[in-house]
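Observations on the three-dimensional arrangement
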Number of protein chains: 2
Amino acid sequence: MTHLLQRFIRNKCFPWIAALTFLCASTAFASEGAEAGAHSYASTFLWIAVLLIAAKIASLVERVGQASVLGELVMGVILGNLVLLNIHIFEPVKENDTIAFLAELGVVILLFQIGLESNIQKMGKVGIPAFLVAMVGVIVPFVTGTWLVGPWLLPGLPMPAYLFLGAALTATSVGITARVFKDLGKLQTPEAQIVLGAAVIDDVLGLIILAIVSAIATTGNVSMAQIGIITGKALAFLVGAIVIGHFSAHPLGKAFSKIHTGVGMKFTLAISFCLIFAAAAQWVGLAPIVGAFAAGLVLDPVHFRYFKDPKVISDVKELVGSSDQLLQERVHAVIEPHAHRHIEDLIEPVGHLLVPLFFIMTGMGVKLETMFNGPILLTALGITVIAFAGKIVAGAAAGKGKRKWLVGWGMVPRGEVGLIFATIGKGLGVVSDEMFSVIVIVIIMTTLLTPPVLSALLRRKTA
Amino acid sequence: MTHLLQRFIRNKCFPWIAALTFLCASTAFASEGAEAGAHSYASTFLWIAVLLIAAKIASLVERVGQASVLGELVMGVILGNLVLLNIHIFEPVKENDTIAFLAELGVVILLFQIGLESNIQKMGKVGIPAFLVAMVGVIVPFVTGTWLVGPWLLPGLPMPAYLFLGAALTATSVGITARVFKDLGKLQTPEAQIVLGAAVIDDVLGLIILAIVSAIATTGNVSMAQIGIITGKALAFLVGAIVIGHFSAHPLGKAFSKIHTGVGMKFTLAISFCLIFAAAAQWVGLAPIVGAFAAGLVLDPVHFRYFKDPKVISDVKELVGSSDQLLQERVHAVIEPHAHRHIEDLIEPVGHLLVPLFFIMTGMGVKLETMFNGPILLTALGITVIAFAGKIVAGAAAGKGKRKWLVGWGMVPRGEVGLIFATIGKGLGVVSDEMFSVIVIVIIMTTLLTPPVLSALLRRKTA
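Residues numbered from 1 in each chain as written. Chains lettered and ligands numbered in written order. Predicted model: local features only at pLDDT ≥ 70, side-chain atom pairs only at ≥ 80, totals over all residues.

Attention shifts here to the overall build of chain A. Broken down by element type, chain A carries 21 helices and 2 strands. A total of 463 residues make up chain A; the buried ones form 52% of that total. Across chain A, contacts joining residues at least 24 apart in sequence account for 78% of those joining residues at least 6 apart. (Helix = DSSP H or I, 4+ residues; strand = E, 2+ residues; numbered from the N terminus. Buried ≥ 20, exposed ≤ 12 C-beta atoms within 10 Å, placed from the backbone. Contact = placed C-beta atoms within 7 Å.)

Rendered as structure tokens:
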């Protein structure tokens, strides 16, 4: 601890923290006067700046070997729960719809980036293990949650309540795992690809389960037609995305390389592609991040010449070429890759702006006071064990030669999908406040405990 | 016209336009279902994509020598007024608060970019002509609007009404002019610097005038204390920004060059700096874009090493160095500048995402139906002449050796500040609906007519 503190002092964090405190004070001051005009965006501007600086301070945990997403999450938890110390300064952020939207856009951009860094061929290679991991990771928590742990820890509830509990435990929220893999530069490992593929599949499975349990909760039974339509839409979307990806990569690449009006056009096409896929996914009932990831996969093989650097290459070629042909080729080989600017490079700054907002807002959504209720906390801990075990077991399905622990832990985080299930169940009157709190605590646990474990596993040579 | 059409066909715009139409249809479809969940951002995602693609199609006017901002504005006017043809598809965009915020953030980012490209020393050199241009450009439209053209074209109104009309004609909205200069690569000319400086000063003058006329309208007179406080806050902000800029450029540059945790930290600090200045400006009553511009000016001398490329440099040095010392130096001289990545490069993609939203939304805010009322339109045209003449005359104050027409026309566009004045006047019951329409038409005229004239002037060798 002293060591950490010393590092922080040596890194000169204090001026930043002081600046942050000052900023918060002025933001609170500014929000008071912000009601004056409809065009007064001052407080939102300031909040974005405050959250970004806070996220960056928090991401210094990188220096002690943690993924920066952990820092951002914990910073969010701290800022969001200052209210427990009677500090209400950050409360307006939680109600700011604009920042909520920017955070959601942030996770969409993140999954788009991760899709861009992934490769549809590579994903195809891990298709079968990913499918198995997804199946096991859905079935085990659903069955144990619904028929074993639910009735045991929360006895006396009607069946649909347990069904919702089980369903809420199924869907992996891939954002956190993907950030850890990305932070530590391990996105290209087979394990990362399996987790990404399995998370997409398990979102589809979760969607089908949600349709079934909702139908049972409302009408007492479920029609095959309903399940068929939902499954059909989701599959049509995924198959459509893969087909588009397969057939459009080459023509899109050609089209992109023909665009000579600067990077603006390429950026616009790429980001629009991402947003359209995200919206389409949401429209068929999937999470928008699944669509954004698919968009990234489809655009992956597309890259384009960056029109600033080629001038450098030709200049250097001219300089060197006059003296030595072989040397020219070697110099060319070194510089050439830098003449292409991938879409990733253009998306990166947008990611820097928006992605930290998502994680810090996720952290801020954590209500620590839900943990103060002893019985609920104990129940939640029991169910959390199932939530962990169900996904870690699924890692065993990753197949021979894969780091099964890594895959299993990668599938652990639950997030917005579980929360959506719980919210729908609450709306139907099936999920009680008590059970809702339990689900929230499970999501918190899986979210906060996974990054450090994943970091540790990724640092080990074998697992 | 045929020529233009042929170019458009040759540029293969049709598939894009077809795609856009399809997208709009699906967006409209999606918005219907969007009410379902609070977390349903699908329609906003789609709208952003639609607006960005529309803006990019419109920016193809660049190929016929127009600034792309003109294309974006006109595209906005078209999309926003399709409702006149009974096409209601774009109406939800106008009410989308998130997109309105992103547009505002866009113009803030634009002025930050322009501040980054400007230079505080250069701005200082044009300080006196900029001040003179601002003074003349405020006094002439205010005096002629209030005491001559107002009473003549709209007789029989109380004095405060004319005061508000005159005040609404004072403040230049620099976004449009700055985009034209930027689009055509002329931001570094003395004329561009004069216009930028004068626009900042004239925003301050406008603020003081607003305080005076509001006080007169409400209480019948005005206290010097009120004027003093407002002037003091605005001046304190500007002087503070310049002082911070003068003293912080060097240490900030050093701090930035010491940050080794990748581009994320630098990006975050730069964008936070921009947002804080924008918010601070709004807090003292100035337009946020004035703050963003000041932030860009302050950060201007700061640049930093981009940590991807230096590896290339050392590789090339090693390759070449083994053979020829002189050659190594020459190769180094060619590549070295590319090892630095300026803040501008990091902000650019964010600009590509947000800036077009501002101009297309500005266009969409234009209500063509206000022009259908003959008498109002005629009155508005008369006042528009004053609005043009008042600023073009101001260009004469730019001093010897400057292209006075260019400076004068650069000051013509009015925008959100004029609209804010009119809105406040309307709120006080001083500005009638009729006069409000007149002011809106004046703003439309100055906004839409300026870009083509400026483009033409910039293309001429002398003016």
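Time to look at the packing of helix α18 (residues 374-394) of chain B against helix α21 (residues 433-459) of chain B. All names here are of chain B. Remark: α18 packs on α21, axes separated minimally by 8 Å, with the N-to-C direction vectors making an angle of 50°. As far as their axial angle goes, α21 and α18 are oblique. In this structure, α18 crosses over α21, and the sense of that crossing is right-handed. Within the contact between the two elements, α18 uses Ile-376, Leu-377, Thr-379, Ala-380, Ile-383, Thr-384, Ala-387 and Phe-388 and α21 uses Glu-434, Ser-437, Val-438, Ile-441, Val-442, Met-445 and Thr-446. Here the contact of α18 with α21 is composed, by residue class, of 10 nonpolar, 4 polar and 1 charged. (Axes fitted to C-alpha atoms, helices over the stretch in contact; angles between N-to-C directions. Parallel < 35°, antiparallel > 145°, perpendicular 65-115°, else oblique. Left-handed = near helix turned anticlockwise from the far one by under 90°. Nonpolar A, V, L, I, M, F, W, Y, C, P; charged D, E, K, R; others polar.)

Ranked by internal contacts, the top residues of the largest apolar core, which has 305 residues, are A:Val133, A:Cys274, A:Phe277, B:Val133, B:Cys274 and B:Phe277. When sequence neighbours within four positions are dropped, the list of residues in contact with B:Val133 reads B:Ile194, B:Ala198, B:Ala394, B:Gly395, B:Ala397, B:Ala398, B:Val407 and B:Met411. (Core = buried A, V, L, I, M, F, W, Y, C linked by C-beta atoms within 7 Å.)

This part covers the packing of helix α3 (residues 42-58) of chain B against helix α4 (residues 68-81) of chain B. Residue and element names in this part refer to chain B. Where α3 meets α4, the closest approach of the two axes is 8 Å, and the angle between their N-to-C directions is 125°. Judged by the angle between their axes, α3 and α4 are oblique. Taken as a pair, α3 and α4 cross one another with a handedness that is right-handed. Residue-level contacts link Ala-54, Ala-55 and Ala-58 of α3 to Gly-71, Glu-72, Val-74, Met-75 and Leu-79 of α4. Its residues assigned to classes, the contact of α3 with α4 shows 6 nonpolar, 1 polar and 1 charged.

Before going further, it helps to examine unusual backbone geometry. Non-glycine residue A:Asn86 carries a positive phi angle of around 70°. By the secondary structure assignment, A:Asn86 is in the loop between α4 (68-81) and α5 (91-94).

Summarising the element assignment, B:Gly410 is placed in helix α19 (residues 404-410). If sequence neighbours within four positions are ignored, B:Gly410 has contacts with B:Thr177, B:Glu191, B:Val195 and B:Leu454.

As a further point, take helix α18 (residues 374-394) of chain A. With 21 residues, α18(A) should cover 30 Å at 1.5 Å per step; its first-to-last C-alpha distance of 30 Å lies within 8% of that length. Those residues of α18(A) that sit buried are A:Ile376, A:Thr379, A:Ala380, A:Ile383, A:Thr384, A:Ile386, A:Ala387, A:Phe388, A:Gly390, A:Lys391 and A:Ala394. (Expected span 1.5 Å × (residues − 1).)

Moving on, we get to the confidence of the model for chain A. Residues and elements named next belong to chain A. On average, residues of chain A carry a pLDDT of 77, and 77% of them reach 70 or more. Between the elements of chain A, mean pLDDT differs from a low of 44, seen in helix α1 (residues 2-10), to a high of 92, seen in helix α3 (residues 42-58). For residues 4-19, every residue scores under 50 in pLDDT, and the model assigns this stretch 10 contacts once sequence neighbours within four places are set aside. Predicted confidence for residues 304-310 stays below pLDDT 50, and this span has 16 contacts to residues more than four positions away or in other chains. Interface confidence for the predicted complex, expressed as ipTM, amounts to 0.76; the pTM equals 0.77. (pLDDT = per-residue confidence, 0-100.)

We now examine α4(A). What sets the pattern is the α-helix's 3.6 residues per turn: residues three or four places apart point alike. Residues and elements named next belong to chain A. Taking 1.5 Å as the rise per residue, α4 with 14 residues should run 20 Å; its terminal C-alpha atoms sit 20 Å apart, in good agreement. Counting buried positions along α4 yields 11 of 14 residues, so the element is predominantly enclosed. Taken together, the buried residues of α4 touch α3, α5, α10 (174-183), α17 (343-364) and α21 (433-459).

Further remarks concern the environment of A:Ala55. When you line up the elements, A:Ala55 lands in helix α3. Leave out the neighbours within four places in its chain, and A:Ala55 touches A:Glu72, A:Met75, A:Pro356 and A:Ile360.

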